[in-house]
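Take a look at the letters that make up each chain.
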Amino acid sequence: MFELIPKVPQYILARRSDRPKVLPLNLVVSVCYRCNSRCSTCNVWRKEAKELTLEEYEHVFASLRRASYYLTFSGGEPFLRHDLVEIVSAAYRLCRPRVITIPTNGILWKAIPERAEAILRACPRAQVIFNLSLDGVGQEHDAIRNVPGNYELALRTFDGLKRLRRYPNLVLGIHTVISRFNVQRIPAIYAELSQLGPDSYITEIAEQRVELDTVDCDIAPAPELYALAANFLINAMRQGRARGFARITQAFRMDYYSLVQRIITEKRQVIPCYAGWASAHIAPGGDVWTCCTRADPAGNLREMGYDFARVWQTPRAQALRRSIRENECYCPMANASYTNMFLDLPTLIRVAGRVAF
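Rules and cut-offs
- Residues numbered from 1 in each chain as written.
- Predicted model: local features only at pLDDT ≥ 70, side-chain atom pairs only at ≥ 80, totals over all residues.
- Heavy atoms only, no water.
- Pairing = 2+ DSSP bridges.
- Helix = DSSP H or I, 4+ residues; strand = E, 2+ residues; numbered from the N terminus.
- Axes fitted to C-alpha atoms, helices over the stretch in contact; angles between N-to-C directions.
- Contact = heavy atoms within 4.5 Å.
- Phe/Tyr/Trp six-rings, centres within 6.5 Å; stacked < 30°, edge-to-face > 60°.
- Buried < 20%, exposed > 50% of the residue type's maximum accessible area, 1.4 Å probe, protein only.
- Lys NZ or Arg CZ within 6 Å of the ring centre and 35° of its normal.
- Salt bridge = Lys/Arg side-chain N within 4 Å of Asp/Glu carboxyl O.
- Arc of directions from axis to C-beta.

1. Some remarks on the sheet that holds strand E4 (residues 127–133)
Taken together, 9 strands build an open sheet; the order of strands is E6-E5-E4-E3-E2-E1-E7-E8-E9 and the sheet is mixed. The sheet terminates laterally at strand E6 (200–205) and strand E9 (297–300), the two strands that pair on one side only. When strand polarity is set aside, the average angle formed by the axes of neighbouring strands in this sheet is 25°. Pairing of strand E7 (residues 279–282) with strand E8 (residues 287–289) involves 2 bridges; the strand directions are antiparallel. Bridge pairing in E8 links Ile282 to Val288. Relative to strand E1 (residues 26–30), helix H2 (residues 54–64) is tilted by about 175°, and along the sheet it contacts E1, strand E2 (70–74) and E7.

2. Quick notes on the packing of aromatic side chains
Per the stated rule, a full pass over the model turns up 9 aromatic pairs. Arranged with centres 6.4 Å apart and planes meeting at 80°, the rings of Phe61 and Phe73 form a pair that is edge-to-face. Of this pair, Phe61 sits in helix H2 while Phe73 sits in strand E2, and the two are 12 residues apart along the sequence. The class for Phe73 is buried, based on a relative accessible area of 0%. What links up through ring pairs into an aromatic cluster is the set Tyr57, Phe61 and Phe73. Of note, Arg38 hangs over the ring of Trp45, and the distance from its end group to the ring centre comes to 4.1 Å. Over the ring of Trp109 we find Arg156, and its NZ or CZ is 4.7 Å from the ring centre.

3. Focus on the pattern of salt bridges
Side-chain pairing between opposite charges can occur once the charged atoms of the two side chains come close. Evaluated as defined, the whole model comprises 22 salt bridges. Across the pair Arg316 and Asp296 runs a salt bridge whose closest N-O atoms are separated by 2.4 Å. Of this pair, Arg316 sits in helix H11 (residues 315–325) while Asp296 sits in the loop between E8 and E9, and the two are 20 residues apart along the sequence. Of the residues examined, Arg316 reaches a relative accessible area of 37% and is grouped as partly exposed. Taken together, the shared-partner salt bridges connect Arg34, Glu51, Arg81 and Asp83 into one network.

4. Digging into helix H1 (residues 8–17)
Those residues of H1 not exposed but buried are Val8, Tyr11, Ile12, Ala14 and Arg15. With its buried residues spanning 160° around the axis, H1 presents them on a single face. Two residues or fewer past H1, Asp18 is found with a positive phi of approximately 65°.

Below, the structure is given as structure tokens:
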């Protein structure tokens, strides 16, 4: 990740003056809204889209060339796309990302390990992170996800993915959404899930997002309760020592948990947000967003010849960037926050010190 440091000044200048023109180094591709969970913290499964086809994705990835270092393939449940292996393989072939992340609820326990192995083989020079979403233990998780038996199916998937550790490019993670439904149980949840032996354990805070159709939903934890959970996680990370790529992400997460506490308390951009410059999101139907919290389209790829750069420079895209630069929004969304921290020099120096020592 630190090989990106020479690019940091370009993005800082671009945010200040829109020069030079830059493409996102962090890109999320939502391949579907479809989901086989009915989470209390997410209503994305209610949405519909005419999903981009594999051929359409190939045109989009070709237009991006090698701009994006970090690609995330999300949903819905991304493994409901039967052509997910082909989509990710095309992105790797055309964009050569160094990091690929794919979250999953783990319900498709028979299919996921097989497809994950195909992705690992197709992307040998990328770190491929599979994050299993677990918001609790046993029936607690099933109650939040509203799918009986989800937890047991997810554990089967996790066991299948663990058998792929012979692939050196695999990072196997567990991901928990901290919401009002589980915030007071985070120490116990962490203790139990850590016993499964993931390479990394990450969390993000439940929030109101246009993408997830959760605007006005009462899902976020109280700030004071989140602070207790976040401080517990920070102390737990200080006591452990991750290895490899997980060590870098852990160093960023320690700052992320503190950053979220400040954002939800102070209700402002605590550090500059680079959504619209360094990070972006492609929706299942081809809309390009600066971020999924606002989910305000800069344009649609189908309507503009699948040319991402062309969409990225529309008047609407420029207006969205101007709004973000003028601090008209703020959010604690994890994906964009990590990019923001990387491009914030005090944070980058602090994280680099943690990794080095």
